[in-house]
Amino acid sequence: MRVLAIDIGSSSSRTALFNQRSRVVPETAARCEYSLRYTADGGAELSPIALQRAVRACLRETLRSPPAKKGIVAVGGSAFWHGLLGLDRKARPLTPIFTWADARSGADAARLREEFDERKIHAETGCMLRGSYWPAKLRWLRRTDRALFRNVHRWVSPADWIFAEIFGGAATSHSMASATGLYDLRTKTWHEELCEGCGVNPKQLDVIGETPNQSSRELRDALIFNAIGDGAAGNLGSGADTAGLIAINIGTSAAARTLDRSEKNIPFGLFRYVVDRERFVIGGAVSNAGNLREWCLRHLCLRMTEAKALSRSAAANDVLTILPFWVSERAPTWPENLRGMILGLTQSTDAAAIFRAATCATFYRLADILELLEQKSGRANQIIVSGGILHSKASLPLLADALGRDIGVSAQAEASLRGAALYVLGRLGANPAPLPKPKLIRHDRALAAKHRVRRDRQRRLESELSSFVF
């Protein structure tokens, strides 16, 4: 039994075949990279055509491999959450893809919070009334370009459009729908009151379902499962798929998440999305992670290796305090009015110090999310780390020290890709093999104590500045 997994990320897409034990079939992996387009007014977009081409290029490479000739029984997908795309009556894109990082709808999110009780909406949808989600983006588009808004026939998640174009059909999973901000956790369908508040008819949104379709185009003998959110897939694929385990994934953005079957309310500021009809993924995401790292490497012109720049002892003793809000930030405080800040610069500050402090600043926010998660679920038995950070060995000890916790390094770097395969294999009744035991990285208690001081200093700076509007 072989399944095809597709992972559509905000900076790259990946495909591969997996066997029934959830192992990658050799010679089948493919990858294609691209970049978000950032604008001075806070925009963060992707071209839908370029994204579809990247996915198709990966598919061609995987399907040309010799193992693909032996047959594929099913296709599953993982994709970045929150992306919004408007289509015309012929399912052609009328808008760019507005991603989670697009901050232009901040004022519209504020108006939504005036009209709706955000805590009530959070309990009903698992989402905040913030610019990352569909309601604010839809209100912004309706306000700034009414003609375009009226011409949109359907509003979709980018992955669902791509799957429909490649395989046929048109639907979305409960998982993808749950992170739009328009999904009602109580009824497991679209939230009628919020749809009305955004000027959108639920009929303009995809049907929500988990029943696989028979492909009408590519791979006609395969069952096509609707894509699930990359966060849900990341927990499945990294092995953090049972109670007591927390996954931290650090890629372009970053998140800390745990799986749960409880429908009890969660801490305000965190999210509750859906894996499937029985399981939820609870946690928080930060917008500045690998993208901030790339900014540092691009602009700081480091004169030493990354390993030397990210000195473990130097990181705990740095004097800089950074608010890592280069992109509009999310959990746990959602500081939409703040942007990036570096406090404490002197003539003796070098590029390495800025790089270290920016790296740790992201980790401190993940530590805040972890603290909230454990308030709800109890102390985690293990924290499992995956994502692009695994390619930066020097970053991992810094993460452990910044969290003040030992961390396990997942044996699966491409956790969301494997998670897409695992989701499908589970639906097909297969018995996937567990991952090898994560490699343990221990935190240094003395350094962790210094990081707690620096983390507190960062939180105080954010609190002091949060009352100002820049």
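Here the structure is a predicted model, which means the values were calculated and not measured.

Student: Would you mind going over the pairing of strand β1 (residues 2-8) with me for this structure?
Tutor: The two faces of the sheet receive side chains in turn, since in a regular strand these alternate between them. Most of β1 sits inside the fold, with six of its seven residues counted as buried. Here seven bridges tie β1 to strand β2 (residues 12-19), and the two strands are oriented antiparallel to one another. Its bridge partner being in β2, D7 is matched across the sheet by R14. Here β1 hands over to β2 after three residues, the two strands then running antiparallel side by side. Two strands pair when backbone bridges link them, and β1 and strand β6 (residues 74-79) are joined in this way by six bridges, in the parallel orientation. Bridged to D7 within β6 is S78.

Student: Can you help me understand the sheet that holds strand β8 (residues 97-98) in this one?
Tutor: Each strand in a sheet pairs with its neighbour through backbone hydrogen bonds, running either in the same direction (parallel) or in the opposite one (antiparallel). With respect to topology, three strands assemble into an open sheet ordered β4-β5-β8, the strand pairing being antiparallel. Of all strands in the sheet, those with a lone pairing partner are β4 (37-38) and β8, marking the two edges. Pairing of strand β5 (residues 44-46) with β8 involves two bridges; the strand directions are antiparallel. Its bridge partner being in β8, L46 is matched across the sheet by I97.

Student: Sorry if this is basic, but what is going on with the side chain of T99 here?
Tutor: Position of T99 among the secondary structure elements: in the loop between β8 and α2 (106-115). We classify T99 as buried; its relative accessible area is 0%. Not counting the four nearest positions on each side in its chain, T99 is found in contact with L36, A44, E45, L46 and K137.

Student: Teacher, can you tell me more about the state of the cysteines here?
Tutor: By definition, a disulfide links the sulfur atoms of two cysteine residues through a covalent bond. As enumerated under the stated definition, the model contains zero disulfides in all. There is no disulfide at C301, and the cysteine sulfur nearest it, in C296, is 12 Å away. Its sulfur unpaired, C360 is 11 Å from the next cysteine sulfur, which belongs to C296. A relative accessible area of 0% places C360 in the buried class.

Student: I'm lost on the nonpolar core in this one. Help?
Tutor: Grouped burial of nonpolar side chains is what soluble globular proteins tend to show. Formed by 118 residues in total, the largest nonpolar core has its most connected members in I6, I8, I250 and I407. Of the residues forming this core, the biggest block, 17 residues, is contributed by helix α13 (residues 351-377). Contact partners of I8, with chain neighbours within four places excluded, come to S13, Y34, L51, V55, S78, A79, F80, A159, I162 and F163.

Student: It is not clear to me how the pattern of salt bridges should be interpreted in this structure. Could you clarify?
Tutor: Taken as a whole and assessed by the stated rule, the structure comprises 33 salt bridges. For D88, the salt bridge is made with R92, and the minimal N-O distance between the two is 2.8 Å. A relative accessible area of 12% means that D88 is categorised as buried. Accessibility expressed as a relative area gives 46% for R92, which makes it partly exposed. R186 is paired through a salt bridge with D184; the nearest N and O atoms lie 2.7 Å apart. Residue R186 is classed as exposed on the basis of its relative accessible area, which comes to 53%. Overlapping salt bridges bring together D7, R14, R31, E33 and E414 as one network.

Student: Would you mind going over the sheet that holds strand β17 (residues 271-274) with me for this structure?
Tutor: With respect to topology, seven strands assemble into an open sheet ordered β17-β18-β16-β15-β21-β22-β23, the strand pairing being mixed. At either margin of the open sheet sits one strand with a lone partner, and together these are β17 and β23 (439-441). For this sheet the average axis-to-axis angle between neighbouring strands, irrespective of direction, equals 30°. Strands β15 (245-250), β16 (254-260), β17, β18 (280-286) and β21 (382-386) of the sheet are contacted by helix α9 (residues 230-238), whose axis makes an angle of about 75° with β16.

Student: How do you make sense of the packing of α2 against helix α4 (residues 134-144) when you look at a structure like this?
Tutor: When two helices pack together, their arrangement is given by the angle between their axes and by how far apart the axes lie. The interhelical angle for the contact between α2 and α4, taken along N-to-C directions, is 110°, at an axis separation of 8 Å. Looking at the two axes, α2 sits roughly perpendicular to α4. Taken as a pair, α2 and α4 cross one another with a handedness that is right-handed. In contact with D108, A109, R111, L112 and E115 of α2, α4 contributes P135, A136, R139, W140 and R143.

Procedures and definitions
- Think of each chain on its own: its residues are numbered from 1, step by step along the sequence as written.
- Only residues with pLDDT of at least 70 get local features here, since the model is predicted, and only at 80 or more are side-chain atom pairs given and counted; chain-wide, interface and lining totals rely on the full set of residues.
- Each side-chain value is worked out from all heavy atoms of the structure, with water and hydrogens disregarded.
- Throughout this description, buried means an accessible area under 20% of the type-specific maximum (1.4 Å probe, protein chains only), exposed means over 50%, and partly exposed covers the range between.
- Each helix corresponds to a stretch of at least 4 residues labelled H or I by DSSP, and each strand to a stretch of at least 2 residues labelled E; elements are numbered beginning at the N terminus.
- Strand pairing is assigned whenever DSSP detects at least two bridges linking the two strands.
- Contacts were defined at the residue level, with two residues in contact if any of their heavy atoms lie within 4.5 Å.
- Cysteine sulfur atoms are paired as a disulfide whenever they fall within 2.5 Å.
- Among the buried residues, those of types Ala, Val, Leu, Ile, Met, Phe, Trp, Tyr and Cys that are joined through side-chain atoms within 4.5 Å form a nonpolar core.
- Salt bridges, as used here, are contacts in which a Lys or Arg side-chain nitrogen is within 4 Å of a carboxyl oxygen on Asp or Glu.
- Note on method: axes are straight lines fitted to C-alpha atoms, helices fitted across the in-contact stretch only, with angles between N-to-C directions ranging 0 to 180 degrees.
- For classification, angles of less than 35 degrees are called roughly parallel, those exceeding 145 degrees roughly antiparallel, those between 65 and 115 degrees roughly perpendicular, and all remaining angles oblique.
- Left-handed describes a crossing whose near helix is turned anticlockwise from the far helix by less than a right angle; the clockwise case is right-handed.

The values are spatial; any link to function lies outside them.
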